[in-house]
Amino acid sequence: MTRVVQKFGGTSVADIDRIKAVAQRVKAEVDQGSEVAVVVSAMSGTTNQLVDWAVQAAPLHDAREYDTIVAAGEQVTAGLLALCLQTIGVDARSWLGWQIPLRTDDAHGKARITEIETDTLSERLSSGQVAVVAGFQGIASDNRITTLGRGGSDTSAVALAAALNADRCDIFTDVDGVYTTDPRIVGKARKLDRITYEEMLEMASLGAKVLQTRSVELAMNHKVRVQVRSSFSDAEGTLVVDEGEIVEQEVVSGIAYSKDEAKITLVRVADQPGVAAAIFGPLSDASVNVDMIVQNVSEDGKATDMTFTVVKEDFERAMAILESNKESLGYERLVSDSNVVKISVIGVGMRSHAGVAQRMFMALADKGINIQVISTSEIKVSVLVSEDYTELALRALHTAYGLDAA
Ligand code: ASP
Ligand code: MG
């Protein structure tokens, strides 16, 4: 018996007509003889509205009450879809996080799943009943409702697929798959048939919004076969799979970008042991995430420049911390720039190919684009350039790596 988890995002359940269409899709899977668990998001716009109300009621809200409020959207959709399924003759019932139960830690607002009790759910599925599960929510050890962070119903779906030993986890969304880069910017972007977990993880954490990062981590760890596909067409989507399943591996599979970066330079800090620790210690204590780092070679052996990037949200905080530590850090001045974009080329193929970074540098040089910071990892090369060149750089790189659609 094939067991399938289907997840439908907010735009797929935006109104009653769309929920009825989702019910038809679920029925089609049931009619093929599959056991189906469906995970739903809130109707699009609902969660934003709920968050907004929580903030209006109390800007510094109790995170437990925040979760009580924002988890409500998924409850509504789960009930509505169960009704629509029953109406077309499909045996179905809704399940809230606490009813399963789907247990989490108590980090309200961004809880992590600790355990899913699947006995009852599994029995119901085997008896032919469709389980309509409210995504995004769980229950903490003190019986309070938790949520998994924005976009968290992807994670609900993958976790459920792992726990239920499902054969597939289909993520239905408003795009028809994962693209080589943002198709709104690069007209020649192509839909990928397959992408590896590791590449998808990089793409997601670099801001490609198709899947919540944590859901990809989970899929990778539990080897869940995830397919990203459109809920508005029957076209095949993109399979997220293990590296071994990809026969012809491209060197670079995708290009991601993030405008959510700001660059900070400490001009003339002492070039001596302990300086990096003194700079980055207080930042990490304040949970400021530092991304790319470069330290210049010092000309005189006494002082050097230290440059790094942070996400824009952390920028003000980072600057305040550095300013308040000016005395002890002993730098000459702080220079900052938020008009920057980080562009990353990603591909597991680069492990076994030389010259990938060089091709990036050449392509950017050809267009006269100056690179401000470079960082590399095993399957990724990232550069920081002026935000004004985002489109030009993306298009040039897309062509340079042979990714353009024919
Ligand atoms: N409704 C939640 C959100 O908007 C969870 C989700 O849709 O994945 O973030
Ligand atoms: Mg989403």
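For clarity, every value in this text was computed on a predicted model and none was experimentally measured. (Residues numbered from 1 in each chain as written. Chains lettered and ligands numbered in written order. Predicted model: local features only at pLDDT ≥ 70, side-chain atom pairs only at ≥ 80, totals over all residues. Heavy atoms only, no water.)

A.B. asks: Before we move on, can you summarise the pattern of salt bridges with the specific residues and values?
C.D. replies: Tallied over the full model, the rule gives 27 salt bridges. Of the charged contacts, one joins Glu29 and Arg168 as a salt bridge, the two residues approaching to 3.2 Å between their closest N and O atoms. Here Glu29, found in helix H1 (residues 16–31), pairs with Arg168, found in strand E9 (residues 168–173); they are 139 residues apart in sequence, far enough to count as distant. Ionic pairing is found between Glu387 and Lys312, a salt bridge with its closest N-O pair at 3.8 Å. (Salt bridge = Lys/Arg side-chain N within 4 Å of Asp/Glu carboxyl O. Helix = DSSP H or I, 4+ residues; strand = E, 2+ residues; numbered from the N terminus.)

A.B. asks: Lay out the nonpolar core with the relevant residues and their values.
C.D. replies: Core analysis: the biggest nonpolar cluster contains 39 residues, and Val5, Leu160, Cys169, Met200, Leu211, Val226 and Val240 have the highest contact counts within it. In this view, Val5 contacts Ala37, Val39, Ala157, Leu160, Ala161, Ala166, Arg168, Cys169 and Asp170; residues no more than four positions away in its chain are not counted. Among the nonpolar cores identified, the runner-up in size contains 22 residues, and Val13, Ala92, Leu96 and Ala134 belong to it. (Core = buried A, V, L, I, M, F, W, Y, C linked by side-chain atoms within 4.5 Å. Buried < 20%, exposed > 50% of the residue type's maximum accessible area, 1.4 Å probe, protein only. Contact = heavy atoms within 4.5 Å.)

A.B. asks: Account for the sheet that holds strand E17 (residues 373–377), with residues named and values stated.
C.D. replies: The sheet built from 6 strands is open, its strands ordered E14-E15-E13-E16-E18-E17 with antiparallel pairing. Each edge of the sheet is formed by a strand with only one pairing partner; in this case those strands are strand E14 (290–295) and E17. The average undirected angle you get between the axes of adjacent strands in this sheet is 30 degrees. Pairing of strand E13 (residues 254–270) with strand E15 (residues 303–311) involves 8 bridges; the strand directions are antiparallel. For Ile264, the partnering residue across the bridge sits in E15 and is Phe308. Lying on the sheet, helix H9 (residues 275–285) is in contact with E13, E14 and E15; it crosses E15 at an angle near 25 degrees. (Pairing = 2+ DSSP bridges. Axes fitted to C-alpha atoms, helices over the stretch in contact; angles between N-to-C directions.)

A.B. asks: Outline the environment of Ala363, supporting the account with residue identities and numerical values.
C.D. replies: By the secondary structure assignment, Ala363 is in helix H12 (residues 356–366). The residues contacting Ala363, other than those within four sequence positions of it, are Ala396, Leu397 and Ala400.

A.B. asks: Break down the site of ligand 1 for me, citing the residues and quoting the values.
C.D. replies: Near ligand 1 the following residues occur: Ser41, Ala42, Thr47, Glu74, Phe136, Arg150, Gly151, Gly152 and Ser153. Interatomic distance of 2.6 Å between a side-chain N/O atom of Arg150 and an oxygen atom of ligand 1. Interatomic distance of 3.3 Å between a backbone N/O atom of Gly152 and an oxygen atom of ligand 1. Here ligand 1, which alone exposes 260 Å², has 86% of that area covered by the protein. Of the residues contributing to the shell around ligand 1, the split by class is 2 nonpolar, 5 polar and 2 charged. (Near = heavy atom within 4 Å. Polar contact = N/O pair within 3.5 Å; in protein donor to acceptor, adjacent residues only side chain to side chain. Areas by Shrake-Rupley, 256 points an atom, 1.4 Å probe, with all protein chains shown as cover. Nonpolar A, V, L, I, M, F, W, Y, C, P; charged D, E, K, R; others polar.)

A.B. asks: Can you lay out the sheet that holds strand E12 (residues 238–241) for me, pointing to particular residues and giving the numbers?
C.D. replies: Spatially, E3-E6-E2-E1-E9-E11-E12-E10 is the arrangement adopted by the 8 strands of the open sheet, whose pairing is mixed. This sheet does not close on itself; its edge strands, each paired only once, are strand E3 (92–95) and strand E10 (194–196). Strand after strand, the sheet turns through a mean of 20 degrees between neighbouring axes, direction not considered. Note: E3 against strand E6 (residues 130–134), 4 bridges, orientation parallel. Its bridge partner being in E6, Ser94 is matched across the sheet by Val132. Running over the sheet, helix H4 (residues 72–87) touches strand E2 (35–40), E3 and E6 and is turned about 160 degrees from E6.

A.B. asks: Talk me through the packing of aromatic side chains; I want residue IDs and the actual numbers.
C.D. replies: The description of an aromatic ring pair rests on the distance of the ring centres and on the angle between the ring planes. A full pass over the atoms with the stated rule returns 2 aromatic pairs. Plain terms: the ring middles of Phe8 and Phe172 are 4.6 Å apart, the flat faces sit at 10 degrees to each other, and that makes the pair stacked. Of this pair, Phe8 sits in strand E1 (residues 3–8) while Phe172 sits in strand E9, and the two are 164 residues apart along the sequence. When sorted by exposure, Phe8 lands in the same class as Phe172, which is buried. The interplanar angle of 75 degrees and the centroid separation of 5.1 Å between the aromatic rings of Phe280 and Phe308 together place this pair among those described as edge-to-face. Note that Phe280 is positioned in helix H9 and Phe308 in strand E15, a separation of 28 residues in sequence. Here the two residues Phe280 and Phe308 agree in accessibility, since each one is buried. Lying over the aromatic face of Trp95, Arg93 brings its terminal NZ or CZ to 3.6 Å of the ring centre. (Phe/Tyr/Trp six-rings, centres within 6.5 Å; stacked < 30°, edge-to-face > 60°. Lys NZ or Arg CZ within 6 Å of the ring centre and 35° of its normal.)

A.B. asks: Lay out H1 with the relevant residues and their values.
C.D. replies: With 16 residues, H1 should cover 22 Å at 1.5 Å per step; its first-to-last C-alpha distance of 22 Å lies within 8% of that length. Among the residues of H1, Ile19, Val22, Ala23, Arg25, Val26 and Glu29 are the ones counted as buried. Seen along its axis, H1 keeps its buried residues to an arc of 160 degrees; they face one direction. For H1, exposure combined with an orientation more than 90 degrees from the buried face picks out Asp17 and Asp31. Summarising the contacts, the buried residues of H1 are in contact with E1, E2, H4, E6, E9 and strand E11 (226–230). The N-cap residue of H1 is Asp15: its side-chain oxygen and the backbone nitrogen of Asp17 are 3.2 Å apart. Gly33, located one to two residues past H1, shows a positive phi value of around 95 degrees. (Expected span 1.5 Å × (residues − 1). Arc of directions from axis to C-beta.)

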